[in-house]
Amino acid sequence: MHLAMSRIHTKGRRYTVIAAFGAVAFISGCSSPGEESFDRSSEFRDIAAETDLTAPSDISNLQGKATYTGVAVADFGGFSGTADAKLVADFDTQEIEGSLTSWKDLDPINHTLRGQIDLSNGQIADDGSFTSQMAGNIERNAAGSTDTPDLRAFHGSASGQIYDSVNGATASHLNGSFEGVGVNGNFGVDGEFVARQ
């Protein structure tokens, strides 16, 4: 499934704006009454709507750590999923790291996902933009099957921007994207995330 998302470009850097949530919106029709509900489209939209994309945060005078939580969505080259996003920014050292966990397949009736993506060695610039390394392992299993699962191991990079909120809260939101390739170069990974304090 194609992830319907758009991007804007500012001063040569790619900042992600979630404009259409085709992949996430698809989830709302997936769960039957007895199943676990993991529709994250509403949270995704809420976080994006609270983010003031005209107000990138100057973090040069901020101190301490801030934890951001939100939602990620990704295409793993043949299947897609959503996850919980958690990033921790250390404004004293201007470093950032995070993890994308609790993955759910966009075909949840027929498939399950296990695994995690880690964002590491991240650096935050004074203007709130950040970059980091990205690596992960995602395993996809067919429901009720004893066949060997589809295991995807990959690495790449992530980038994003810390923003103020539309209500004026400083450095309260962030969004970003990540991309990478399989360890054998046989598939690509492309994803997005939004989060708030």
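Residues numbered from 1 in each chain as written. Predicted model: local features only at pLDDT ≥ 70, side-chain atom pairs only at ≥ 80, totals over all residues. Heavy atoms only, no water.

**Student:** It is not clear to me how the overall build of the chain should be interpreted in this structure. Could you clarify?
**Tutor:** When you go through the chain residue by residue, the secondary structure sums to two helices and eleven strands. Taking the intrachain contacts of the chain between residues at least 6 apart in sequence as the baseline, contacts between residues at least 24 apart amount to 57%. By element, 45% of the accessible surface of the chain is carried by carbon and sulfur atoms, the whole surface being about 9,300 Å². (Helix = DSSP H or I, 4+ residues; strand = E, 2+ residues; numbered from the N terminus. Contact = heavy atoms within 4.5 Å. Areas by Shrake-Rupley, 256 points an atom, 1.4 Å probe, with all protein chains shown as cover.)

**Student:** Hey, could you run me through the pattern of salt bridges in this one?
**Tutor:** Think of it this way: side chains of opposite charge can pair up when their charged atoms draw near. Per the stated rule, a full pass over the model turns up four salt bridges. Notably, a salt bridge pairs Glu50 with Arg196, separated by 2.8 Å at the nearest N-O pair. Here Glu50, found in helix α2 (residues 41-50), pairs with Arg196, found in strand β11 (residues 188-196); they are 146 residues apart in sequence, far enough to count as distant. For Glu50, a relative accessible area of 27% gives the class partly exposed. For Arg196, a relative accessible area of 23% translates into the label partly exposed. In this structure, the salt-bridge partner of Asp105 is Arg140, at a minimum N-O distance of 2.7 Å. With Asp105 in strand β6 (residues 95-105) and Arg140 in strand β8 (residues 129-142), the pair connects residues that are 35 residues apart, well separated along the chain. (Salt bridge = Lys/Arg side-chain N within 4 Å of Asp/Glu carboxyl O. Buried < 20%, exposed > 50% of the residue type's maximum accessible area, 1.4 Å probe, protein only.)

**Student:** Mind showing me how you'd approach the pairing of strand β4 (residues 65-75) here?
**Tutor:** Remark: a regular strand shows side chains that alternate across the two faces of the sheet. Inspection of the sheet shows β4 paired to strand β5 (residues 80-90) by eleven bridges, in the antiparallel sense. Bridge pairing in β5 links Ala74 to Gly81. Between β4 and β5, which pair antiparallel and follow one another directly, the connecting turn spans four residues, one of which, Gly77, has a positive phi of 75 degrees. As judged from the seven bridges shared by β4 and β11, these two strands associate in the antiparallel manner. Following the sheet pairing, Val71 is matched in β11 by Val194. (Pairing = 2+ DSSP bridges.)

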